[in-house]
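So the chains spell out like this:
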There are 2 protein chains.
Amino acid sequence: MTVLVPYPTLLDTVTGVFRARGVPPDRAATAAEALCHGDLTGTSTHGLVNLTRLYLPLFDSGRAEAAADMAVLADRGASVLADARRTLGLWSASQAVELASARAARYGVGVVALRGATHIGCAGYHAARAAAHGMVGLVASNCGGQRIAPAPGGREPLLGTNPLAVACPAGDRPPFVLDMSTTVVPTGRVRAAARAGEPIPPGWLADEDGTPVTDPTAFDRGDGRLLWLGGAPETGAYKGFGLGLLVEVLAALVPGAATGPLSSVSRDDDIGVMALVFAPSALRSGFGADAAALFSAITGTPPLDPRRPVTYPGWREGERARWRRVHGVPLPDDLYEELRGIAPGLQAVG
Amino acid sequence: MTVLVPYPTLLDTVTGVFRARGVPPDRAATAAEALCHGDLTGTSTHGLVNLTRLYLPLFDSGRAEAAADMAVLADRGASVLADARRTLGLWSASQAVELASARAARYGVGVVALRGATHIGCAGYHAARAAAHGMVGLVASNCGGQRIAPAPGGREPLLGTNPLAVACPAGDRPPFVLDMSTTVVPTGRVRAAARAGEPIPPGWLADEDGTPVTDPTAFDRGDGRLLWLGGAPETGAYKGFGLGLLVEVLAALVPGAATGPLSSVSRDDDIGVMALVFAPSALRSGFGADAAALFSAITGTPPLDPRRPVTYPGWREGERARWRRVHGVPLPDDLYEELRGIAPGLQAVG
């Protein structure tokens, strides 16, 4: 069963939880919006379920700093290198996109590379900020020193699930927002299936011989290897692994953050983030209209099944968010009770 | 059977072929190197096989200009928008990377976006130029107005195979070079199987119901749909499609080139290209050593099969190129005879 909670109530509640930990008000509000974005858009593996499991424990263990200031280490105009100093990644990644957007407005392109970051939540939330400015945003994040998926042909986990997001305006349609792990699925999808006691489709996990593993509990037992996008070698495993490396290079090697292959401890500390923004309107006129026409043509392409129109990544999430902003955000009963445990004032829809 | 041709001979021959079409000497040499790169590294679908099938017909039909100059349309320092004016993409894409590298040296990041380009060959060849400067290079190209692969759930082809390449130095190892179509395979792999009369693995083509098609001739008959990286929806088709859109946005929408969904004719004219270069050394020290350590750790990870060490994209191609530069480039008999037909002076090894 689910409970419907008004979106503003949810935002206020989570903002209050972060403020109670000492996070300054404006940062707390941004972090709350970033976290609620998962539940607002239906990407619940990256939403409020992580508040008590991931973000609050970061404060408890001293792995996140509530009120530290980011430190700019180098500034070349179009590019900035900064140390996020363990501030909430839910906030620092958005700050990075905003600064990159400001630089892009001047130079046509802007890059902010962070080291010392913490978990950023939905990468697409941050990338979409650039689209709201009429720009194209790209956000890549590695998983710090954490090793999750092995290289093709490798025995041990090597890299994280290394998310990559891109966002582009689409006129009056929801923005194009691709928000993906470079593995077939993020670990959250596997663990959600394990908690639900449900099998997973072939193609997510495999044993050492490449035989599909459909028991999601095999992953945390070490009996199922998380596959890279593309699956088997003949259908593009090296592309998915290569995209994982692309993220590792942009997000971690450029700023000098931790990386799985070189880290002494497999833990997601010292995460690297790259925010990259293009401002096409600094180079030419007509970008906004062209973008609207492109995404309109995509949703207008004839579907195989007339009842299922073609969409693009971000369309469904955008439509879902629009409904939920008005009518409320559905939360599973147990998550609702969990949140009430830390914020007793939380109330569902009348 | 194959014939071994000395690499310098091959380069001279192809340079001569382009010069005979009126391409200025320096451009002809670059274009020849870009084209021979396919055969040098073993990516033969994007190599000399395309000289008589793709590039020379572009001149014959007036779709490429041998000696036109690119026109800069806008310059914001870190970013440049240019019209490639139908010059050989084999050359213009490299020029774009060189200019982007020069801008990156100053601003930390450099972008050159081209409209009006022609087919660029191996995107990885161009991206690797940035790695040779100790920088990180990314090259994306759409297929102009050509429609090849349908959207997931769509009936008609919509986008091209939209290649994406990234390159990063790796110390004294071959550079990391990921060079991929965003579909499971490029069309060249399907057509090569069709010419050879061999079946293709399940996962490259599917019929409208998603059933695998293993007859490669089905593609050009319109009976087999080229799949996006990720394959089926539950294993990430939307990610591959999203990456195809990412390339369409960066390479075509940013500069205002042709795009499949909006083009009246499905043809690869007015191709869009983005060259994006990061110069980490403009922001911090230690990048080169960190990159060497990262890729060294990857090749050092324990393999499943002790006889098959783990590598990264670009390693195998780099090792192959090193051997072939010394000993010669193997060409299939029929391709060798075809080249001798247009360049009678071509001679094989000893």
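It should be noted that the structure appears before, not after, this text.
Residue numbers here run from 1 along each chain, matching the order of that chain's written sequence. As a convention, the first chain written is A and the first ligand written is 1, with the rest following in written order. Note on the predicted model: pLDDT of at least 70 is required for a residue's local features to be given, and 80 or more for side-chain atom pairs to be given and counted; whole-chain, interface and lining totals, by contrast, use all residues. With hydrogens and water set aside, each side-chain value is computed from the structure's full complement of heavy atoms.

Student: Before we go on, may I ask you to explain the overall build of chain A in this structure?
Tutor: Put simply, DSSP marks the helices as runs of H or I at least four residues long and the strands as runs of E at least two long, and each gets a number from the N terminus on. Secondary structure summary: chain A contains 11 helices and 14 strands in total. Computation of the radius of gyration draws on C-alpha atoms alone. For the globule rule, the value is 2.2 Å times the number of residues to the power 0.38. Taking 350 residues into account, the globule formula puts the C-alpha radius of gyration at 20 Å, and chain A, at 20 Å, falls close to it. When a residue's accessible area, from a 1.4 Å probe over protein chains only, is under 20% of the maximum for its type it is buried; when over 50% it is exposed; and in between it is partly exposed. The 350 residues of chain A split such that 59% are buried. Contact between two residues is taken to exist if any of their heavy atoms lie within 4.5 Å; hydrogens are not considered. Sequence-distant contacts in chain A: of pairs separated by 6 or more residues, those separated by 24 or more amount to 66%. Only the protein chains shown count as cover for residues, with accessible areas throughout obtained via the Shrake-Rupley method and a probe of 1.4 Å. Summing over all exposed atoms, chain A offers an accessible surface of approximately 12,800 Å²; the carbon and sulfur share of this is 51%.

Student: When you look at the relation of the copies chain B and chain A in this model, what are you seeing that I'm missing?
Tutor: These two copies of the chain differ by a rotation about an axis and a displacement along the same axis. Here the copies are superposed with least squares, the fitted atoms being C-alpha atoms of residues at a pLDDT of at least 70 in both. For the pair chain B and chain A, the best superposition has an RMSD of 0.0 Å and corresponds to a rotation of 180° with a translation of 0.0 Å parallel to the axis. The transformation relating the two chain copies, once decomposed into turn and shift, fits a two-fold axis. The position closest to the rotation axis in chain B is occupied by the C-alpha of Gly230 of chain B, lying 2.3 Å away.

Student: Help me understand the pattern of salt bridges, please; the structure alone is not making it clear to me.
Tutor: A side chain with one charge may pair with a side chain of the opposite charge, provided their charged atoms come close. When a carboxyl oxygen of Asp or Glu lies within 4 Å of a side-chain nitrogen of Lys or Arg, that pair is called a salt bridge. In the structure shown here, the tally under the stated rule is 34 salt bridges over all chains. In this structure, the salt-bridge partner of Arg173 of chain A is Asp172 of chain A, at a minimum N-O distance of 3.9 Å. A salt bridge links Asp75 of chain B to Arg103 of chain B; the nearest nitrogen and oxygen atoms lie 2.8 Å apart. A residue pair is termed long-range when its members are at least 10 positions apart, and Asp75 of chain B in strand β2 (residues 71–75) and Arg103 of chain B in helix α4 (residues 89–107) qualify at 28 residues. We classify Asp75 of chain B as partly exposed; its relative accessible area is 42%. Each of Arg63, Arg267, Asp268 and Asp269 of chain A takes part in salt bridges that share partners, so that together they form one network.

Student: How should the packing of aromatic side chains be read in this particular structure?
Tutor: Each aromatic ring pair is characterised by the separation of its centres together with the angle its planes make. All names here are of chain A. Each Phe, Tyr or Trp ring (for Trp, its six-membered ring) is paired with any other whose centre lies within 6.5 Å, and the angle between the two planes then decides the class: stacked below 30 degrees, edge-to-face above 60, tilted in between. Counted by the stated rule, this structure contains nine aromatic pairs over all chains. Summarising the aromatic geometry, the rings of Phe176 and Phe295 are spaced 5.4 Å apart at their centres and angled 25° between planes, so their arrangement reads as stacked. Of this pair, Phe176 sits in strand β9 (residues 176–180) while Phe295 sits in helix α9 (residues 287–299), and the two are 119 residues apart along the sequence. Of the two residues, Phe176 and Phe295, both sit in the buried class. Taken together, the aromatic side chains of Phe176, Phe295 and Tyr312 make up a single cluster linked through ring pairs. Positioned above the aromatic ring of Trp91 is the side chain of Arg27, whose terminal nitrogen or guanidinium carbon lies 4.1 Å from the ring centre. Charges are assigned to positions over rings by a cutoff of 6 Å between ring centre and Lys NZ or Arg CZ, combined with an angular limit of 35 degrees from the ring normal.

Student: Would you explain unusual backbone geometry in this entry?
Tutor: Glycine aside, the phi torsion of most residues is negative, and most peptide linkages are trans. Its identity as a non-glycine residue notwithstanding, Asp270 of chain A has a phi of 50°, on the positive side. Tracing the backbone through its elements, the reader meets Asp270 of chain A in the loop between α8 (237–253) and β13 (271–278). One non-glycine residue, Arg86 of chain B, lies in positive phi territory at about 60°. Mapped onto the elements of the fold, Arg86 of chain B is located in the loop between β3 (79–83) and α4. The class of Arg86 of chain B is partly exposed, set by a relative accessible area of 40%.

Student: Just to check I follow, could you spell out the side chain of Asp39 of chain B for this structure?
Tutor: Secondary-structure assignment places Asp39 of chain B in helix α2 (residues 25–41). For Asp39 of chain B, the residues in contact, after removing those within four places along its chain, are Ser44, Gly47, Leu48, Arg324, Val329, Leu331 and Leu335 of chain B.

Student: Is there a simple way to think about the side chain of Thr311 of chain B in this case?
Tutor: With respect to the secondary-structure elements, Thr311 of chain B resides in the loop between α9 (287–299) and α10 (315–327). Residue classification places Thr311 of chain B among the buried residues on the basis of a relative accessible area of 5%. Within polar-contact distance, the side chain of Thr311 of chain B engages the side chain of Arg316 of chain B at 3.4 Å. If we skip the residues at most four places from it in the chain, Thr311 of chain B touches Tyr238 and Phe241 of chain A together with Ile298, Thr299 and Arg316 of chain B. Polar contact is defined as a pair of N or O atoms within 3.5 Å, subject to the rule that within protein one atom must be able to donate a hydrogen and the other to accept it, and that residues adjacent in sequence are counted only when both atoms are side-chain atoms.

Student: Any chance you could explain the sheet that holds strand β9 (residues 176–180) of chain B here in plain terms?
Tutor: Two pairing modes exist for strands in a sheet, parallel and antiparallel, and in both the strands are linked by backbone hydrogen bonds. Paired strands, as defined in this entry, are two strands with at least two bridges between them according to DSSP. Spatial strand order, β2-β3-β4-β13-β5-β8-β9 (chain B): seven strands in an open sheet with mixed pairing. Each edge of the sheet is formed by a strand with only one pairing partner; in this case those strands are β2 and β9 of chain B. Taken over all neighbouring pairs, the strand axes of this sheet differ in orientation by 15° on average, direction set aside. In this sheet, β9 of chain B lies alongside strand β8 (residues 164–168) of chain B in antiparallel orientation, the contact comprising five bridges. Paired with Ala165 of chain B across the two strands is Asp179 of chain B, which belongs to β9 of chain B. Only the contacting stretch of a helix is used when fitting its axis, a line to C-alpha atoms as for every element, and angles between N-to-C directions run 0 to 180 degrees. α8 of chain A contacts β5 (136–141), β8, β9 and β13 (271–278) of chain B of the sheet and is inclined by roughly 130° relative to β9 of chain B.

Student: Would you explain the sheet that holds strand β11 (residues 212–213) of chain B in this entry?
Tutor: Residue and element names in this part refer to chain B. Here three strands make up an open sheet; going across it, the order is β11-β10-β12 and the pairing antiparallel. At either margin of the open sheet sits one strand with a lone partner, and together these are β11 and β12 (225–226). Bridging between strand β10 (residues 205–206) and β12 involves two bridges; their strand directions are antiparallel. From the neighbouring strand, Ala206 faces β12, where its bridge partner is Arg225.

Student: For this particular structure, what's the right way to read α9 of chain A?
Tutor: Each full turn of the α-helix corresponds to 3.6 residues, which orients residues three or four apart in the same direction. In this scheme, a helix's expected span is set at 1.5 Å multiplied by one less than its residue total. Compared with the 18 Å implied by 1.5 Å per residue over 13 residues, the 19 Å span of α9 of chain A between its first and last C-alpha is a close match. Buried residues of α9 of chain A: Phe287, Ala291, Leu294, Phe295, Ala297, Ile298 and Thr299 of chain A, and no others. In the core, the buried residues of α9 of chain A are packed alongside β5 (136–141), β8 (164–168), β9 and α10 (315–327) of chain A together with β7 (157–159) and α8 (237–253) of chain B.

Student: Would you mind showing me how to read the pairing of β2 of chain B here?
Tutor: Sheet faces and side chains relate simply in a regular strand, where the side chains alternate between the two faces. Residues and elements named next belong to chain B. In this structure, β2 lies alongside β3, joined through four bridges in antiparallel fashion. The residue bridging Asp75 from the neighbouring strand is Val80, located in β3. Linking β2 to β3, which pair antiparallel, is a turn of three residues; within it Gly77 sits at a positive phi near 85°.

Student: Sorry if this is basic, but what is going on with the packing of α9 of chain A against α8 of chain B here?
Tutor: How two helices pack is summed up by the angle between their axes together with the distance between the axes. One way to put it is that α9 of chain A packs onto α8 of chain B with a least axis distance of 12 Å and a crossing angle of 150°. When the axis of α9 of chain A is compared with that of α8 of chain B, the two are roughly antiparallel. Crossing handedness for the pair α9 of chain A and α8 of chain B: right-handed. Residues Phe287, Asp290, Ala291, Leu294, Phe295 and Ile298 of chain A of α9 of chain A form the contact with α8 of chain B, whose participating residues are Phe241, Leu245, Glu248, Val249 and Leu253 of chain B. In the scheme used here, Gly and all other residues not listed as nonpolar or charged are polar, with Ala, Val, Leu, Ile, Met, Phe, Trp, Tyr, Cys and Pro taken as nonpolar and Asp, Glu, Lys and Arg as charged. Tallied by class, the residues present in the contact of α9 of chain A with α8 of chain B amount to nine nonpolar, no polar and two charged. An angle below 35 degrees is read as roughly parallel, one above 145 as roughly antiparallel, one from 65 to 115 as roughly perpendicular, and any other as oblique. In a left-handed crossing the near helix is turned counterclockwise from the far helix by less than a right angle, and in a right-handed crossing that turn is clockwise.

Student: Looking at this model, I keep getting lost on the interface of chain B and chain A. Mind explaining?
Tutor: A common measure of how large an interface is: the accessible area buried when the components associate. Across the contact, 83 residues belong to chain B and 84 residues belong to chain A. Joining two parts hides part of their accessible area as seen by a 1.4 Å probe, and the buried area is that hidden amount summed over both. In total, chain B and chain A occlude about 6,600 Å² of area from one another, counting both sides; carbon and sulfur atoms represent 75% of this. Of all residues in chain B, the largest losses of buried area upon contact with chain A belong to Lys239, Leu283 and Leu304 of chain B, amounting jointly to 12% of the total for that side. Here chain B is connected to chain A by zero salt bridges.

Student: Honestly, helix α5 (residues 123–132) of chain B in this entry has me stumped. Any pointers?
Tutor: Residue and element names in this part refer to chain B. Most of α5 is tucked away: eight of the 10 residues are buried. Among all positions of α5, only Ala123, Gly124, Tyr125, His126, Ala127, Arg129, Ala130 and Ala131 are buried. Buried residues belonging to α5 abut α2, α4, β5, β8, β9 and β13. In the stretch just after α5, Gly134 is the one whose phi turns positive, near 75°.

Student: What am I meant to see in the environment of Leu250 of chain A here?
Tutor: With respect to the element layout, Leu250 of chain A can be found in helix α8. Accessibility expressed as a relative area gives 2% for Leu250 of chain A, which makes it buried. Sequence separation between Leu250 of chain A and Ser141 of chain A is 109 residues; the distance between their C-alpha atoms is 8.3 Å. Beyond its immediate sequence surroundings of up to four residues, Leu250 of chain A is in contact with Pro255 and Met274 of chain A together with Val136 and Phe278 of chain B.

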